[in-house]
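Residue-level structure breakdown
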Amino acid sequence: MIIGLTGSIASGKSTVAKMFADLNIPIVDADKVARVVVEPGRETLQQIAAQFGDDVILEDGHMNRKKVGDLIFHDPTKRKQLNEIIHPAIRKEMLRQRDKHLSDGHPHVVMDIPLLFESGLQSYVENILVVSVSEENQLKRLMARNDLTEQEARARISSQLPISVKEKGADAVIYNNDSVASTKEQLHYILKKWGVLQEL
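Rules of the game
Residues numbered from 1 in each chain as written. Predicted model: local features only at pLDDT ≥ 70, side-chain atom pairs only at ≥ 80, totals over all residues. Heavy atoms only, no water. UniProt positions renumbered as here; feature names shortened; annotations may be inferred. Pairing = 2+ DSSP bridges. Helix = DSSP H or I, 4+ residues; strand = E, 2+ residues; numbered from the N terminus. Axes fitted to C-alpha atoms, helices over the stretch in contact; angles between N-to-C directions. Contact = heavy atoms within 4.5 Å. Parallel < 35°, antiparallel > 145°, perpendicular 65-115°, else oblique. Left-handed = near helix turned anticlockwise from the far one by under 90°. Buried < 20%, exposed > 50% of the residue type's maximum accessible area, 1.4 Å probe, protein only. Nonpolar A, V, L, I, M, F, W, Y, C, P; charged D, E, K, R; others polar. Core = buried A, V, L, I, M, F, W, Y, C linked by side-chain atoms within 4.5 Å. Domains from an automatic or database assignment.

Per an unreviewed UniProt entry, the recorded name for the protein chain is Dephospho-CoA kinase, and the organism is Kurthia populi. Under the UniProt heading Function (unreviewed entry), the entry covering the protein chain gives this text: "Catalyzes the phosphorylation of the 3'-hydroxyl group of dephosphocoenzyme A to form coenzyme A."

It is worth spelling out the sheet that holds strand β4 (residues 127-132) at this point. Ordered by their spatial adjacency, five strands build an open sheet running β2-β3-β1-β4-β5, and the pairing between neighbours is parallel. Two strands close off the open sheet at either side, each with one partner strand: β2 (27-29) and β5 (172-175). With direction set aside, neighbouring strand axes in the sheet form an average angle of 20°. The pairing of strand β1 (residues 2-7) with β4 spans five bridges and is parallel. Each residue of the ladder has a partner; that of T6, found in β4, is V130. Taken strand by strand, helix α9 (residues 180-193) contacts β1, β4 and β5, and its axis lies near 165° from that of β5.

Moving on to the packing of helix α1 (residues 13-22) against α9. A pair of packed helices can be characterised by two numbers: the angle between their axes and the separation between those axes. Their axes nearest at 11 Å, the elements α1 and α9 cross at an angle of 55°. When the axis of α1 is compared with that of α9, the two are oblique. Our pair here, α1 against α9, has a crossing hand that is right-handed. Residues V16, M19 and F20 of α1 lie in contact with α9, whose contacting residues are V180, T183, K184, L187 and L191.

Neither face of strand β3 (residues 109-112) is left uncovered, since the one carrying V109 and M111 and the one carrying V110 and D112 both have all their residues buried. Strand direction decides the pairing type here: β1 and β3, joined by four bridges, are parallel. Note that in β3 the partner of I2 across the bridge is V109. With three bridges connecting them, β2 and β3 associate as parallel partners. What sits directly across from D29, in β3, is D112.

Further remarks concern the packing of helix α3 (residues 43-52) against helix α5 (residues 76-103). Look at α3 against α5: their axes get within 10 Å of each other, and the N-to-C directions meet at 165°. Put simply, α3 runs roughly antiparallel to α5. Where α3 crosses over α5, the handedness of that crossing is right-handed. For the pair formed by α3 and α5, the contact residues are T44, Q47, I48, Q51 and F52 on the first element and K78, Q81, L82, I85, I86 and A89 on the second. Considered class by class, the residues forming the contact of α3 with α5 number six nonpolar, four polar and one charged.

Core analysis: the largest hydrophobic core is formed by 33 residues, its most contacted members being I48, L82, M94, M111 and I113. When residues of this core are traced back to their parent elements, those giving at least two are α2 (30-36), α3, α4 (65-73), α5, β3 and β4. Summarising the domain contributions, this core has at least three residues from each of domain 1 (1-26 + 108-200) and domain 2 (39-105). Excluding residues that lie within four positions of it along the chain, L82 makes contacts with I48, F52, V68 and I72. By size, the runner-up hydrophobic cluster in this structure holds 18 residues, among which are A17, A172, I190 and L197.

The next point concerns the environment of K166. Relative to the assigned elements, K166 resides in helix α8 (residues 163-168). Residues K166 and K100 lie 66 residues apart in sequence; the distance between their C-alpha atoms is 28 Å. If near-sequence neighbours (up to four positions away) are discounted, K166 is found in contact with G7, S8, P114, F117, E118, V130 and L161.

For the rest of this paragraph, the subject is the UniProt feature "binding site: ATP" (unreviewed entry) in the protein chain. Residues annotated by UniProt as "binding site: ATP" (unreviewed entry) correspond here to A10, S11, G12, K13, S14 and T15. Mapped onto the elements, A10 comes out in the loop between β1 and α1. Excluding residues within four positions of it along the chain, A10 makes contact with V133, Q138, R141, L142 and R145. Within the secondary structure, S14 sits in helix α1. In this structure S14 comes out as exposed when scored by relative accessible area, which is 58%.

Here's what the structure looks like:
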């Protein structure tokens, strides 16, 4: 089974991803893939340089993230141009990794995609698991984790699709408001129901 794992900022998705790793289920991590596709020598990085100029590449061959960030921050057109280069590369690499795990004989693969719904990637997976959290806990965790004011934290949360919308599009939801043990129990229950985990 191809499981799509998603959630919202500070919902605890990384904790659930680690639980999948502990079960030896391979994970395709969209955030890691996004870094891989712009590594030195990659075609994607060359395309970015062709579009925005050679000074977006540092002397050591890495992408100058600050320079690229400054370029796209105030310019929606440039942001769109960058996304048009990076997003297809990320999707291609994610599918490559997914298919490699399957051809290596793994019966199940997790695709950890924070913006699964926002990017319209539901077709890449068979079952969607959303890690949800109450608004109050989400706010507290985000403020503590990123050292943000309440206003800054609320701004980040509201820039994403509401968690209630993600829950509606899910095949199963983990409510990550209590202990880690409770979250793990919910995950194991869902995976048994889906036939991914055998009854212990």
